Each structure stands twice: as C-alpha cells, then as structure tokens.
Amino acid sequence: MTRRVPISGVVWLSIGVLYLLVPLLATLLFSLQSGANHSLSLGAYGDVVRDSQFWKTLRLSFVLSLETILVSLLLLVPTAYWVHLRLRRIKPLVEFLSILPFVVPAIILIIGLLQLYNGTIHAPLWFLEKPYTFLVTAYVVLAFPYVYRSLDAGFRAIDVQTLTEASLSLGASWRTTLVRVILPNIRAAALSAAFLTLAIVMGEFTIASLALFQTFPTYINYINQTRTYEAAALSLVSFGITWAAMLGLLLFSRAPGRRAAQVGGTR
Amino acid sequence: MAYLELQSLHRSFGSFAALQGIDVSVGQGEFLSLLGPSGCGKTTALRLVAGFDRPDSGAIVVDGKDLTGVPPNRRDMGMVFQAYSLFPNMTAEQNVEFGLRIRKHARAKRSQRVAELLETVGLGHAGKRYPHQLSGGMQQRVALARALAIEPRVLLLDEPLSALDAKVRVQLREEIRRIQTQLGITTIYVTHDQEEALSISDHVAVMYGGRIEQVGTPSEMYGAPATPFVAEFIGTMNRLEATVADDAAVEYEGRLVPVTAARGRAPGERVLVLVRPEVLHVEPLGNGDEPAGALTGDVVSHTFLGSVTRVKVVVGDGELTADIATVRVDALPIGMRVLASFPAASARLLDLGDEPLPVAADLLPE
C-alpha cells in the first residue's frame, strides 16, 4: 500500500527545495560563464584549483579544524563525563557557560582574546604568531557550545553511573572504563561534535581576519573582492566540502554493529 | 567464622544519617538479604561493601582483610545492579568476558569460562546478541554471569529483579539461589520485597531508619519478630496493645485473654501481643454465651486471596485480621457477630515502648 502525499505537502516541499537550489544553480551557471563573451567554460574552476593559495589555506583550515576537534574532545569528554557522574550539581553552571560563546559576538571575543594575551598576560610570541596555537585557542571557545551540547546529549542517553560502577566492580581502571566502556557509547555524540566543529572552523572568518591570519574563509573573501567568476566557483567548492563533511557524519554514525542501544534504566 | 563483616558502619549525607551503625557478619557461602523499606539504608550499605562509597566510620572486613579503603576495582566483588547495566557496545559474550580481559586471562581460558557461565544462566544460545536484543530478564542473567565470571569474593545484588515482571521475577530469584548454592559464593542481596528475601535467603537482616532491627533465618523472622517494626514489616500481623494481668493472661478491650508468654511479667505492664492471622480462630457467636478467653466482635470485610480469605473483625476499638479457609468463609458473613480466639502459646509479646509504633503505610516500598 502506498501512502498518498497531500498536495499541500508537495507544494511546500517544492518551495523549500527551490529556495535552497535556485541560488546554488544561479551560482553554478554564473561560475561556468568565464569563457570569452560569457561562453560556457570550466576555466574558473581551473583557476581555483591551480591557485596555490587555495590549497594552502584549505589545508591550514582543515588542520586547524582537526586540532580544534582534538583539543575540544580531550578537554570536554572527561569534563562532561565527570559532570554527569559526580558533579550533577554544577550542570546548570556548565550549561550556562556553554551558552556564553553564543552571546558574545566573535568580534568582541577576538578583541578580548588579543587584549588578554597581549596585555593582561604577556603570552610568548610563538603562541601569538602561529594559527595552530592562537587561532585554535579561540576556536575551542567558539566550538565549546556545540561540542558540550552534543556530548551532553550523548551522556544523557546512557546510564553513566551504573556503567561506570559496573566497569569498576569488574576490576577496570578509570582509564579503561573511559576508553572501553564510556567512549564507545558516546561515539555518535563525539562524532557529531567533531563535524559541527569542522563546519565552524572551516567557515570562521571574523577571528581569522582580525587576527591577520590567512585561512580558507579569508581567502574566499579575498577572491570575492578581486575575481568574479572564480569567487562563484570557490563558493560552490567550499559548499561541496561542507556537504562532504555532513555526509561523513551520517555514514560514520550509521556504522554497523554500533547502533545506539537501550541503555540502563527500565523499559 | 564470619567471612564478611560490616563493623559499625556509619554514613551520612548532609544532615541525613543513612546508616547509623550497621553490624552484620556473613559466613562463607552464605546468602544474606538486606530487607527494608525504601530509605532504610540497605542500598547505601551495599554500595559501601562494593566500594562505590566510603563510610564515615566503621570497617568492611572480608576474609580477615580490611577493605574499607580499597577502591572498588581492587575489591573483587561481583555486582548486579537494579538498572540494566550491560555495556551496550558489547555482545553478551563480550560483557561476560570483560572482567577476564581486564585480568588478562588467556583467550582460550576466557572463551571457555564465558561459554560455561552463559550456559549456567541458561543463555548459551544468546552469546552473540547485543543487550538491546535481549529481554530485561535475559539482560539480568547476563549481568549475573558477568559478575560471576571474575570469581568474586562476594556477590552483591542490588534489587536485581525489581525492573522485571512478576513471573520472570519468581523464576529468576530461584535461579539466583540455585546458582549461588551451586557455586557456594558468599552473597548479599538487597531487596524491599519480603517474599523474595524470605524465600531465597539463609539469613535476613531487616533494616529500618539506618539501623538493623533484627537478623535471623527466614523462619525466625516470621515466627519470632524481635521488634514491633519487624512484626509489622514481615508478613501480616495482628498487634494488640494490651496490659499484663495475673497468671499468664493479658487484658485487651476489657477482656482477659490467656497468653503463655505473659507468665512472669509484672501485672499492669503495657505489652504488644502479636498474633499471625493464620492462627486466629473465628467462629459464629452462639446464643449469647461468651466463653472466657475469647474476644467478641463483628465481621466487617472479606478479602479473597485464593485458598484463604482475609476476614477483618472489629473488636471494641481494635481490629483483628484472620485468614480463614475460603471454603469455610460463607459461615462468617459480613455483619455477623463472632468470637475470635487464638491458642495461648501461639502469641508473642513485645515490650510496648514509649515510641509510637510504625504505621503500615510508612513501610510500603516506593
């Protein structure tokens, strides 16, 4: 038996699809007109991928993403674990803190950070001049709400206390408990935190620009201001990268044998 | 000699004293139940034994060794939890194997032991399934196998059956007892269900308000409750507040009732007379004659319980409960004036202290 889709549903869905696709199609068509007299050409794409700055900034942003993901998870997995296990009292406080980066605009954040590291405390030059240190520090703050909230949802879905105690009573150390029992069961949450972070860092412009670093988003901005067709092509390429990341999230979280299970509590 | 000893354990949470001096000893291979209403401290006591929590004072001694300061992962205690506690990312087999891997047992030895244990708990066929593919009862069986795999010094069970439905609960508790006897493992079992505790334990410790009220065999707990609380908590009990009269009798509602246990007590002493509903005899009141030693009252209700019917009789200001064979209960219709009596030797006496008696409604598990 096939279910009939109501007409109004089809209409609304079509409007939604058009809303999303028309700008993309327009951009695509525009990006293909870089030939002489607006003739069809892949030239703009060729220019994009031939530009060494494209690869350099793309690589930098990607490395920064991975570093931010790593630092965020290393900091926040144990934190969220401990908050759920032993410090449930301070949960509201941590949740409040995790909203702060939303409330504070990026421009304020970067000015504050610059002031902090270059005025209040005199951070060493190597820390300030390298994106791998200075920018990642800022990005960990930016990603904090997304990472903490994803992990929080993951920890909520399991009975942290019972699983931990079961593991300990079987003789496991705290490290083994975290690595073998807790982590595999919040894997999907950690992955979604990772991909959200990836998307944020790959698209972050304000902080990188104000701190005078050349990352992928600042490169896109530069191309936007200087070259017409290449800018459109670049937009689509960066769009594709984001989509690939999201698709990766979907595929990873569906890996076989690792389905989210009924955990703890009563049915 | 005691294998496991809890020595004057105290534990408070803020101003709430959860345990106020717990002393129990359990012999090797013995099955002890901690029984009590919710909030009585039984789970707190078990968590202290497991090492998940530390006592404010007191000691936990196993086989002569003081384990009070030892962390839970070095205590060798197998634990089965109330909540489903299997690791969701591992199959039943991997769950059972977990403790053996931690102990770095050889692979061949591990898989042999896992197969044996899953067979013991009747799940030899389900080893490859993940927890979400198992029923609640099966999950608790795997949890039991997992706890037993490490050959623990003591097996701790924290209301392992409370999330299961009635039929599975009875079946599984008998199996727990069978496996425990077969392996001869020292066990502490926490429950609020008296039927469960009485049916599978060697000894039962009834707890109330952070203290142990009485420890004894199930039949001692039922037949000879030592405190008013135990009398109220274990089974159904008629509690008659009476005064000792001369010569092995008490006065209740203006009547003299013979009670052997009153012999030797000072006349005028206030006592609590305990009579089980099954020994209370109820018969229709004949033509006006009221024999000595019996109480007169009116039948006010019948509660059908299968082979017996629980009959309530109001005697003056008091109320008596009698379990009458259902086939005989038609002779005692509601509203009938009846005589209630019990053999003088079947009643127990407790001192009626100044403290108010616990009320049955306070004792119900949540």
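Note that the structure is a prediction, hence the values are computed from the model and not measured.

1. Observations regarding the sheet that holds strand E4 (residues 57–62) of chain B
Residues and elements named next belong to chain B.
Thought 1: The strand order E2-E1-E4-E5 describes an open sheet built from four strands, whose pairing is antiparallel. Unpaired on one side and paired on the other, strand E2 (16–27) and strand E5 (65–66) mark the two borders of the sheet.
Thought 2: The sheet contact formed by strand E1 (residues 2–13) and E2 spans nine bridges and is antiparallel. Bridge assignment links Leu4 to a residue of E2, and that residue is Val26.
Thought 3: Strands in contact with helix H1 (residues 42–50) are E1, E2 and E4; relative to E1, the strand with the most contacts, it is inclined by about 120°.

2. Notes on the sheet that holds strand E14 (residues 270–275) of chain B
All names here are of chain B.
Thought 1: Taken in spatial order, the five strands of this open sheet run E13-E12-E11-E14-E20, and their pairing is antiparallel. Each edge of the open sheet is held by one strand with a lone partner, namely strand E13 (255–258) and strand E20 (348–351). Along the sheet, successive strands turn relative to each other by an average axial angle of 45°, direction set aside.
Thought 2: When strand E11 (residues 238–245) meets strand E12 (residues 249–252), the two strands line up antiparallel, connected through three bridges. By the bridge assignment, Ala245 is partnered in E12 with Ala249.

3. A few points about the interface of chain A and chain B
Thought 1: Every contact between the two is made by 28 residues of chain A and, on the other side, 29 residues of chain B.
Thought 2: Interface area for chain A against chain B, summed over the two sides, is near 2,400 Å², with a carbon-plus-sulfur share of 61%.
Thought 3: In this assembly, chain A and chain B are joined by one salt bridge.
Thought 4: Where A:Glu165 meets B:Arg47, a salt bridge forms, and the shortest distance between an N and an O atom there is 2.6 Å.
Thought 5: Put simply, chain A and chain B have five residue pairs in polar contact (both at pLDDT 80 or more) between them.
Thought 6: The leading source of residues in the side of chain A that touches chain B is helix H8 (residues 160–169) of chain A, at eight residues.
Thought 7: Among the residues forming the side of chain A that touches chain B, the class breakdown is 10 nonpolar, 13 polar and five charged.

4. Side note on empty space enclosed by the protein
All names here are of chain B.
Thought 1: Counted according to the given criterion, the structure contains one cavity of 30 Å³ or more.
Thought 2: When contributions to the lining of the largest cavity are tallied by element, the ones reaching two or more residues are helix H4 (136–149) and helix H5 (166–183).
Thought 3: Of all the elements, H4 adds the most residues to the lining of the largest cavity, at three residues.
Thought 4: In the lining of the largest cavity, the residues fall into seven nonpolar, one polar and one charged.

5. Concerning the pairing of strand E9 (residues 203–208) of chain B
All names here are of chain B.
Thought 1: Here strand E3 (residues 31–35) runs beside E9; their pairing, made up of four bridges, is parallel. Counterpart to Leu35 in the pairing with E9 is Val206.
Thought 2: Bridge analysis of E9 against strand E10 (residues 211–216) gives five bridges, and the strand direction is antiparallel. Looking at the pairing, Val206 lines up with Gln214 of E10.
Thought 3: The antiparallel hairpin formed by E9 and E10 contains two residues in its connecting segment, where Gly209 sits at a positive phi of about 60°.

6. Here we look at the nonpolar core
Thought 1: Judged by nonpolar contacts, the single largest core of 59 residues is most densely connected at A:Leu151, A:Phe155 and B:Leu156.
Thought 2: Sequence-distant contacts of A:Phe155, that is, excluding residues within four places in its chain, are made with A:Val77, A:Ala80, A:Tyr81, A:His84, A:Val160, A:Ile182 and A:Ile186.
Thought 3: B:Val80, B:Ala92, B:Leu164 and B:Ile179 belong to the second-largest nonpolar core, a separate cluster that totals 32 residues.

7. Notes on the pairing of strand E17 (residues 308–315) of chain B
Residue and element names in this part refer to chain B.
Thought 1: Taking every second residue as pointing to the same face, the buried face of E17 carries Thr309, Val311, Val313 and Val315, while none of Val308, Arg310, Lys312 and Val314 on the other face is buried.
Thought 2: Where strand E16 (residues 295–304) meets E17, six bridges bridge the pair, whose relative direction is antiparallel. Residue Val299 lies in a different strand from E17, and its bridge partner there is Val313.
Thought 3: From the end of E16 to the start of E17, which pair antiparallel, there are three residues, and Gly306 there has a positive phi angle of about 105°.
Thought 4: Both E17 and strand E18 (residues 318–325) contribute to a ladder of eight bridges, which runs antiparallel. The residue bridging Val313 from the neighbouring strand is Leu320, located in E18.
Thought 5: The turn linking E17 back onto E18 is made up of two residues, and Gly316 within it adopts a positive phi angle of 55°.

8. Looking at the pattern of salt bridges
Thought 1: Under the counting rule described, the total for this entry stands at 22 salt bridges over all chains.
Thought 2: Via salt bridges that share partners, A:Glu95, A:Asp152 and A:Arg156 belong to a single interconnected network.

9. A word on unusual backbone geometry
Where the residue is not glycine, phi is negative for most of them; where a peptide bond is considered, it is trans in most cases.
Residue and element names in this part refer to chain B.
Thought 1: Residue Ser8 is not a glycine yet carries a positive backbone phi of 30°.
Thought 2: On the basis of relative accessible area, Ser8 is assigned to the partly exposed category, the value being 32%.
Thought 3: In this structure, Glu151 is a non-glycine residue whose phi angle is positive, near 45°.
Thought 4: Along the chain, the position of Glu151 falls in the loop between H4 and strand E7 (154–158).

10. What about the packing of aromatic side chains?
Thought 1: As enumerated under the stated definition, the model contains 15 aromatic pairs over all chains in all.
Thought 2: An angle of 70° between the planes, with centres 5.9 Å apart, marks the rings of A:Phe54 and A:Phe216 as edge-to-face. Remark: A:Phe216 occurs in helix H12 (residues 216–226) and A:Phe54 occurs in helix H3 (residues 52–85); sequence separation between them is 162 residues.
Thought 3: Ring geometry for B:Tyr208 versus B:Phe229: centroids 4.0 Å apart, planes at 15°, classification stacked. Taken together, the positions of B:Tyr208 in strand E9 and B:Phe229 in helix H8 (residues 228–233) put the pair 21 residues apart, joining distant regions of the chain.

11. Brief notes about the confidence of the model for chain B
Thought 1: On average, chain B scores 85 in pLDDT, and the residues at 70 or more come to 95%.
Thought 2: Across residues 360–366 of chain B the pLDDT falls below 50, and counting only partners more than four positions away or on other chains, this stretch makes nine contacts in the model.

12. Observations concerning a positive patch on the surface
Thought 1: On the surface, A:Arg180, B:Arg101, B:Lys104 and B:Arg107 cluster together into a positively charged patch.
Thought 2: Structurally, the position occupied by B:Arg101 is in helix H2 (residues 92–102).
Thought 3: A relative accessible area of 40% means that B:Arg101 is categorised as partly exposed.

13. Some remarks on the side chain of B:Thr44
Thought 1: Relative to the elements of secondary structure, B:Thr44 occurs in helix H1.
Thought 2: With residues near it in sequence (within four places) discarded, B:Thr44 still touches B:Arg11, B:Phe13, B:Ala18 and B:Leu19.

Cut-offs and rules
- Residues numbered from 1 in each chain as written.
- Chains lettered and ligands numbered in written order.
- Predicted model: local features only at pLDDT ≥ 70, side-chain atom pairs only at ≥ 80, totals over all residues.
- Heavy atoms only, no water.
- Pairing = 2+ DSSP bridges.
- Helix = DSSP H or I, 4+ residues; strand = E, 2+ residues; numbered from the N terminus.
- Contact = heavy atoms within 4.5 Å.
- Axes fitted to C-alpha atoms, helices over the stretch in contact; angles between N-to-C directions.
- Buried area = accessible area lost by both parts, 1.4 Å probe.
- Salt bridge = Lys/Arg side-chain N within 4 Å of Asp/Glu carboxyl O.
- Polar contact = N/O pair within 3.5 Å; in protein donor to acceptor, adjacent residues only side chain to side chain.
- Nonpolar A, V, L, I, M, F, W, Y, C, P; charged D, E, K, R; others polar.
- 1 Å grid on protein atoms, 1.4 Å probe; cavity = no way out; pocket = protein on both sides within 12 Å on 5 of 7 lines; lining within 4 Å.
- Points joined across faces, edges and corners; volume = space filled by probe spheres on them.
- Core = buried A, V, L, I, M, F, W, Y, C linked by side-chain atoms within 4.5 Å.
- Buried < 20%, exposed > 50% of the residue type's maximum accessible area, 1.4 Å probe, protein only.
- Phe/Tyr/Trp six-rings, centres within 6.5 Å; stacked < 30°, edge-to-face > 60°.
- pLDDT = per-residue confidence, 0-100.
- Patch = residues over 30% accessible without salt bridge, like charges linked within 9 Å, V, L, I, M, F, W, Y side chains within 5 Å.
- Areas by Shrake-Rupley, 256 points an atom, 1.4 Å probe, with all protein chains shown as cover.
- Lys, Arg positive; Asp, Glu negative; His and termini not counted.
- Charge placed at Lys NZ, Arg CZ, Asp CG, Glu CD.

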